[in-house]
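Architecture at a glance
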Amino acid sequence: MKNLPCTNIKVSRIAENARQMKAKCQSLGINLTGVVKGAAGDLRVAEAFLAGGINSLGDSRLKNIKKFKEAGLSAEFMLLRLPDPRRADEVVELADISLNSELITLKALGEAARAQKKLHKVIIMVDVGDLREGVLPGEIKDFLAEARHISSIEIIGLGTNVGCYGGVLPTPENTAELVELKSQLEASLSIKLEVISGGNTATTVLLDQGKMPAGVNHLRVGEGILQGPDITNQRELPGFNQQNIALSAAVIELKRKPTVPRGTLGHDAFGQQPSFVDKGERLRAILAVGRQDVRIAGLKPSLAGAEIIGASSDHLLLDVTEAGVDLKVGDIIDFELDYGGMLSAMTSPYLARNYLQ
Ligand SMILES: *Cc1c(COP(=O)(O)O)cnc(C)c1O
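Since this is a predicted model, take the numbers as computed values, not measurements.

Okay, the packing of aromatic side chains next. This model, assessed by the stated rule, comprises 1 aromatic pair. Judged by centre distance (6.3 Å) and plane angle (15 degrees), the rings of Phe-68 and Phe-77 are stacked. Residue classification places Phe-77 among the buried positions, given a relative accessible area of 1%. Directly above the aromatic system of Tyr-355 lies the positively charged group of Arg-44, at a separation of 4.3 Å from the ring centroid. When the ring centre of Phe-270 is taken as origin, the NZ or CZ atom of Arg-291, which lies over that ring, is 3.6 Å away.

Here's what the structure looks like:
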């Protein structure tokens, strides 16, 4: 019997996406790190990336990288979130490469690497406008002039990230800034910056438009391989499998009820004051899934005509009047997940996992 509520994870479709993204990048001489953080350390998903031919995995959490290594996954591991200098030892131990923007942290990584008799590779992040992580372009020269003297770390290149905080769109111009900086810095500091890590899923739009600036030789792609979308550019990656991770939940009550509650209205379980439009009696399904299980705003019923009308911690309410199917208690309803929904579903301890080929 199916354990519900659950996620349905189509691992072979994720592997196909990984293979396709790898080929797309390879044809332009771009190396790919497959970003698995959205699957919250799920081993089968990480294995699907490897089955698709990816040999470099990126994650934001040391805990996940540790899990992958302990499970014997053989890949290069890149730590995406800037390290906390307190955890420099673990970073050096677990990650082959980390992304960085702070001298204090680089010094801590250098010390940890020296103690472990390792050379730790780092990519220095440059902020080209999105205002999340990265050294500002005007400060990168001084930064590198100091960072290059830290022993036991190897600065392998520059990286940038857009789309995530400011929603800044990747353009040929802001992506090329990295390539221009590389030439300037290599000349003025006589250093070598081999890797130019141009961005995430959002930046693959430049591949599709044939506008990727020459010199970009690395990308870090997650959401597009996992679930198929490119949220920043509000598109689906063309030719990629979409909706590879979905959700199922069971109907536990099915009744015709009025649309407007009866009684004096206060606040709901989340402190909101709901308002109601009277649509008369409607057929309503209660599903055994709620806000403690998954981010409700990230769900979309696959059942045509069904509409989410509310949710509390443990219950999801659907108006199924227009669904035009004969539902009964115990039926299973499927939902599509957007990236936020997928993230919360994969992080949830309450959802069973159902792996499909
Ligand atoms: C999450 C992340 C990525 C991958 O982003 P997607 O949108 O999932 O492709 C790449 N780089 C960094 C630094 C990240 O944090």
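Right, picking up where we left off after that structure.
Right, let's get into the side chain of His-218. Examined against the element boundaries, His-218 turns out to sit in strand E9 (residues 218–221). Of the residues examined, His-218 reaches a relative accessible area of 6% and is grouped as buried. In this structure the side chain of His-218 is engaged in a polar contact, spanning 2.8 Å, whose partner is the side chain of Thr-33. Here His-218 is in contact with Ile-30, Asn-31, Leu-32, Thr-33, Met-78, Val-195, Ile-196, Ser-197, Gly-198 and Gly-199, once residues within four sequence places are set aside.

A word on the pattern of salt bridges. What the rule picks out here adds up to 17 salt bridges. Its salt-bridge partner being Glu-133, residue Arg-132 comes within 2.7 Å of it at the nearest N-O pair. Given the relative accessible area of 11%, Glu-133 is considered buried. Bridged by salt links that share partners, the residues Lys-24, Asp-208, Asp-230 and Arg-235 form one connected network.

Turning our eyes to something else, we now look at the packing of helix H1 (residues 11–26) against helix H2 (residues 43–51). Viewed as axis vectors pointing N to C, H1 and H2 meet at an angle of 40 degrees, and their least axial separation amounts to 7 Å. Accordingly, the angle class assigned to the pair H1 and H2 is oblique. Handedness of the crossing formed by H1 with H2: right-handed. Of the residues in H2, those in contact with Val-11, Ile-14, Ala-15, Ala-18 and Arg-19 of H1 are Arg-44, Val-45, Ala-48, Phe-49 and Ala-51. Grouping the amino acids of the contact of H1 with H2 by side-chain chemistry returns 8 nonpolar, no polar and 2 charged.

The next point concerns the pairing of strand E6 (residues 120–125). Regular strands show a simple pattern: their side chains alternate between the two faces of the sheet. Taken across its 6 residues, E6 has 5 buried, putting it largely inside the fold. Looking at chain direction, strand E5 (residues 97–100) and E6 are connected through 4 bridges and run parallel. From the neighbouring strand, Leu-99 faces E6, where its bridge partner is Ile-123. Once the chain exits E5 it traverses helix H5 (residues 103–115) before rejoining the sheet at E6, and the crossover so formed is right-handed.

The subject of this paragraph is the domain arrangement of the protein chain. By domain assignment, the protein chain separates into domain 1 (11–232) and domain 2 (245–356). If you average the C-alpha positions of domain 1 and of domain 2, the two centres end up 37 Å apart. Opposite the 13 residues of domain 1 that make contact, domain 2 presents 10 residues. Summed over both sides, the interface between domain 1 and domain 2 buries roughly 1100 Å², with carbon and sulfur atoms accounting for 60% of that surface. By the criterion of area lost to domain 2, the three top residues of domain 1 are Gly-38, Asp-42 and Gln-227, representing 43% of everything that side buries. Between Arg-353 and Asp-42 there is a salt bridge, with its nearest N and O atoms 2.6 Å apart.

Looking now at the nonpolar core. Within the largest apolar cluster, 92 residues are counted, with the highest numbers of intra-cluster contacts made by Leu-106, Ile-124, Leu-144, Leu-158 and Leu-287. Per-domain counts for this core show at least three residues from each of domain 1 (11–232) and domain 2 (245–356). Other than its neighbours up to four places away in sequence, Leu-144 contacts Ile-124, Ile-155, Leu-158, Leu-185, Leu-189, Ile-191 and Leu-193. Grouped together as the second largest cluster of nonpolar side chains are 9 residues, Leu-80, Leu-99, Ile-123 and Ile-156 included.

Before going further, it helps to spend a moment on the site of the ligand. Among the 13 residues in the neighbourhood of the ligand, the closest are listed as Lys-37, Thr-201, Arg-220, Gly-222 and Glu-223. The side chain of Lys-37 places a nitrogen or oxygen atom 2.8 Å from an oxygen atom of the ligand. One of the side-chain nitrogen or oxygen atoms of Arg-220 is found 2.8 Å away from a nitrogen atom of the ligand. Relative to its free-state accessible area of 380 Å², the ligand is covered by the protein chains to the extent of 95%. Its residues assigned to classes, the shell around the ligand shows 4 nonpolar, 4 polar and 5 charged.

A cis amide bond links Leu-4 to the next residue, Pro-5, at an omega of -10 degrees. Topologically, Pro-5 is positioned in the segment before strand E1 (6–10). Despite not being glycine, Leu-131 has its phi angle at roughly 65 degrees, a positive value. Its place among the elements puts Leu-131 in the loop between E6 and helix H6 (140–147). Assessed through its relative accessible area of 58%, Leu-131 is described here as exposed. In the Ramachandran plot, Ser-190 falls in the positive-phi region, its phi being about 35 degrees despite a non-glycine side chain.

About the cut-offs
- Per chain, residues are indexed from 1 in the order of the written sequence.
- Totals for whole chains, interfaces and linings use all residues, but because this is a predicted model, local features are given only for residues with pLDDT of at least 70 and pairs of side-chain atoms are given and counted only at 80 or more.
- As a rule here, side-chain values come from all non-hydrogen atoms in the structure, and water together with hydrogens is ignored.
- Side-chain rings of Phe, Tyr and Trp (the six-membered ring for Trp) are treated as a pair once their centres are within 6.5 Å; stacked means planes under 30 degrees apart, edge-to-face means over 60, and tilted covers the remaining angles.
- Three exposure classes are used, based on accessible area relative to the maximum for each residue type with a 1.4 Å probe and protein chains only: buried under 20%, partly exposed in between, and exposed over 50%.
- For a lysine, the NZ atom is tested; for an arginine, the CZ atom; a charge sits over a ring if that atom is within 6 Å of the ring centre and within 35 degrees of the ring normal.
- A helix here means a DSSP run of H or I that spans at least four residues, while a strand means a run of E at least two residues long, and both kinds are numbered starting from the N terminus.
- Each polar contact in these results corresponds to two N or O atoms within 3.5 Å; when the atoms are within protein, one needs to be able to donate a hydrogen and the other to accept it, and residues that are neighboring in sequence are counted only if both atoms are side-chain atoms.
- Contacts are assigned to residue pairs that have any heavy atoms within 4.5 Å of one another.
- Any carboxyl oxygen of Asp or Glu within 4 Å of a side-chain nitrogen of Lys or Arg constitutes a salt bridge here.
- All axes here are fitted lines through C-alpha atoms, helices being fitted over the stretch that makes contact, and every angle between N-to-C directions spans 0 to 180 degrees.
- Every angle not falling under 35 degrees, over 145, or within 65 to 115 is termed oblique; those three ranges are roughly parallel, roughly antiparallel and roughly perpendicular.
- Definitions for this section: a left-handed crossing has its near helix turned counterclockwise from the far helix by less than a right angle. A right-handed crossing has that turn clockwise.
- Throughout this entry, Asp, Glu, Lys and Arg are counted as charged residues, while Ala, Val, Leu, Ile, Met, Phe, Trp, Tyr, Cys and Pro are counted as nonpolar. The remaining residues, Gly among them, count as polar.
- Two strands are said to pair when DSSP picks up at least two bridges between them.
- Handedness is read with the strands pointing away from the viewer; a crossover is right-handed when the path from the first strand over the helix to the second is clockwise.
- Where each domain begins and ends is defined by an automated method or by a domain database.
- Accessible-area loss on putting two parts together, using a 1.4 Å probe and summing over both, is the definition of buried area adopted here.
- The definition of a nonpolar core used throughout is a set of buried Ala, Val, Leu, Ile, Met, Phe, Trp, Tyr and Cys residues joined through side-chain atoms within 4.5 Å.
- One heavy atom within 4 Å of a molecule or strand is enough for the residue carrying it to be called near that molecule or strand.
- Here, Shrake-Rupley sampling with a 1.4 Å probe gives the accessible areas, and only protein chains in the shown set may cover a residue.

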